[in-house]
Amino acid sequence: MEFRPNPTQIFSLEIGPAILWGEVVFNVLDYGAVANNKTDNTKAFLKAWMGACQWRGKSRVFIPPGSYYLGSVIFRGSCDGPIEFVIKGVLRAPNDPDLFFIDHWISFQNINNLRIYGGGTLDGQGASAWPYNNCGTGSCNPLPVSLRLDFINDSEISNINSINSKNFHFNVFSCYRLRFNHVTISAPADSPNTDGIHIGGSGDIAIDTADIATGDDCVSIGPGNQGINISNVYCGPGHGISVGSMGRSATDEEGVSGVAVVNCTFRRTLNGVQIKTWPDSKAAGGFASDFVYDNIVMENGSSKIQISNITFRNIHGTCTTRDAVKLVCSKINPCHDNALENINLIGPGGFASSSCYNVHGRTRGRQKPPSCLH
């Protein structure tokens, strides 16, 4: 028989939720959580979640300040009302190699109207797992993503810090109308595969006001996405903001459309903004269209732009190599209708160059270095 608490049941229990400002609050401490950085709090967090998710009305899971050890956990919906997951403390992932090889640390699935916020921190304890990231050897056991969001709609992630993930910090799959706001992400520049936010098969995703410093892409956008808006992001160190890789699979692949990257700054990044495709791809149906990069600042990147089918507008700053603008497309499918507008990039000694391969388009406004588009 399914347990669905009601106010009469709640206040007859020794532990349970409290009502605060019209919300029912499920404090993990009331369900046995201990903030001592060693007790496994997985069951306590799940009990609090189940109570909140089954509450008919607005509810909140509350994690007070403190340091909580938390094993791999899935918070499943659907829920009976809007739900908040408020993190005030620090959640620490397992650092035992026997517990590494799973695709998630914390996962939320099949939920509408979810808010995760609170100013707390997700500590993936990645240094204990990075030596196991050995995909280059042909042996590639999965390492956990710190926060996996699957089938989450009309929701928001805000005022959350993620540090030292074992794999991606955030993975978004098949989500719609999801917003990231005031998120801070950090991992060492040499940490492997620690993408900040990876998005796949989703739509109407917004990332606004984020500071991302990591060992791979700050934001990576896979196939099957549309309506991705990225603004006011400080990226670096890292590999930049990337679309792809596309065309890796031999099966039909969904395209990417409607990407906007606006008012973003790249600091000491391997690349700035880029679209990555596989040469001689056997995939059919893949495409990248309707992209805009506007008001982009580069600070001492090692290479700047490797991208196609895009409008670049108001991009300025410095780079550590002279190859400041590089647009590369295939001979079989040259890129058309590209635009460079108001570009001002300075390389070593005040010099910079641009190069275009199989690219056609137009220029407008200042072009420094001189445009390679004709």
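What you see is a predicted model; the values in this text were computed from it and never measured.

Caption draft 1: Highlighting the overall build of the protein chain. When helices and strands are tallied, the protein chain shows two helices and 27 strands. For the protein chain, buried positions account for 53% of its 374 residues. For the protein chain, restricting intrachain contacts to residue pairs at least 6 apart in sequence, the fraction spanning at least 24 positions comes to 67%. For the protein chain, the accessible surface area stands at approximately 16,400 Å², while carbon and sulfur atoms represent 51% of it.

Caption draft 2: Just the UniProt feature "active site" (unreviewed entry) in the protein chain, in detail. Taken from the UniProt record, the annotation "active site" (unreviewed entry) applies to H239. Along the polypeptide, H239 turns up in the loop between β17 (225-235) and β18 (241-246). Residue classification places H239 among the partly exposed positions, given a relative accessible area of 25%. Those residues within four positions of H239 in sequence are excluded, and the remaining contacts are G215, D216, D217, L270, N271, G272 and Q274. A distance of 3.4 Å separates the side chain of H239 from the backbone oxygen of G215, its partner in a polar contact.

Caption draft 3: Region of the structure containing the pairing of strand β11 (residues 145-163). Among the 19 residues in β11, 14 count as buried, and that is most of the element. As judged from the seven bridges shared by strand β8 (residues 104-112) and β11, these two strands associate in the parallel manner. Bridge pairing in β11 links I111 to I152. Alignment of strand β9 (residues 114-117) against β11, held across two bridges, turns out to be parallel. Bridge assignment links R115 to a residue of β11, and that residue is E156. Where strand β10 (residues 121-123) and β11 come together, three bridges link them in parallel fashion.

Caption draft 4: Just the state of the cysteines, in detail. Applying the stated criterion across every chain, the model contains three disulfides. Residue C53 pairs covalently with C79 via a disulfide, S to S 2.1 Å. Across the S-S bond of C53 and C79 the torsion is about -105 degrees, and the bridge reads as left-handed. Within this pair, whereas C53 is found in helix α2 (residues 42-53), its partner C79 is found in the loop between β5 (73-76) and β6 (83-87), the two being separated by 26 residues in sequence. By relative accessible area, C53 is classed as buried at 7%.

Caption draft 5: Local environment of empty space enclosed by the protein. Under the definition given, this model contains three cavities of 30 Å³ or more. Residues that form the lining of the largest cavity fall into these classes: six nonpolar, two polar and one charged.

Caption draft 6: Seen up close, α2. With 12 residues, α2 should reach 16 Å at 1.5 Å per residue; the first-to-last C-alpha distance of 16 Å fits that figure. For α2, the full list of buried residues reads T42, A44, F45, A48, W49, G51, A52 and C53.

Caption draft 7: Main features of the environment of A93. Along the chain, the position of A93 falls in the loop between β7 (90-92) and β8. Contact partners of A93, with chain neighbours within four places excluded, come to Y69, L70, W105, D123, G124, Q125 and K166.

Caption draft 8: Molecular detail of the packing of aromatic side chains. With the rule as written, the count across this model stands at 11 aromatic pairs. The cationic tip of R115 hangs over the ring face of Y117; the distance from NZ or CZ to the ring centre is 4.1 Å.

Caption draft 9: Spatial organisation of the side chain of S174. Note that S174 resides in the loop between β12 (170-173) and β13 (176-186). Taking relative accessible area as the criterion, S174 reaches 17% and is therefore assigned buried.

Caption draft 10: The pattern of salt bridges, seen in detail. Evaluation of the coordinates by the stated rule reveals 11 salt bridges. With a shortest N-O distance of 3.6 Å, R179 and D208 are connected by a salt bridge. Here R179 is found in strand β13, whereas its partner D208 is found in strand β15 (residues 203-213), with 29 residues between them in sequence. The exposure class assigned to R179 is partly exposed, which follows from its relative accessible area of 34%. Through salt bridges that share partners, K58, R60, E84, R115, E156, R179 and D208 make up one connected network.

Rules of the game
Residues numbered from 1 in each chain as written. Predicted model: local features only at pLDDT ≥ 70, side-chain atom pairs only at ≥ 80, totals over all residues. Heavy atoms only, no water. Helix = DSSP H or I, 4+ residues; strand = E, 2+ residues; numbered from the N terminus. Buried < 20%, exposed > 50% of the residue type's maximum accessible area, 1.4 Å probe, protein only. Contact = heavy atoms within 4.5 Å. Areas by Shrake-Rupley, 256 points an atom, 1.4 Å probe, with all protein chains shown as cover. UniProt positions renumbered as here; feature names shortened; annotations may be inferred. Polar contact = N/O pair within 3.5 Å; in protein donor to acceptor, adjacent residues only side chain to side chain. Pairing = 2+ DSSP bridges. Disulfide = S-S within 2.5 Å. 1 Å grid on protein atoms, 1.4 Å probe; cavity = no way out; pocket = protein on both sides within 12 Å on 5 of 7 lines; lining within 4 Å. Points joined across faces, edges and corners; volume = space filled by probe spheres on them. Nonpolar A, V, L, I, M, F, W, Y, C, P; charged D, E, K, R; others polar. Expected span 1.5 Å × (residues − 1). Phe/Tyr/Trp six-rings, centres within 6.5 Å; stacked < 30°, edge-to-face > 60°. Lys NZ or Arg CZ within 6 Å of the ring centre and 35° of its normal. Salt bridge = Lys/Arg side-chain N within 4 Å of Asp/Glu carboxyl O.

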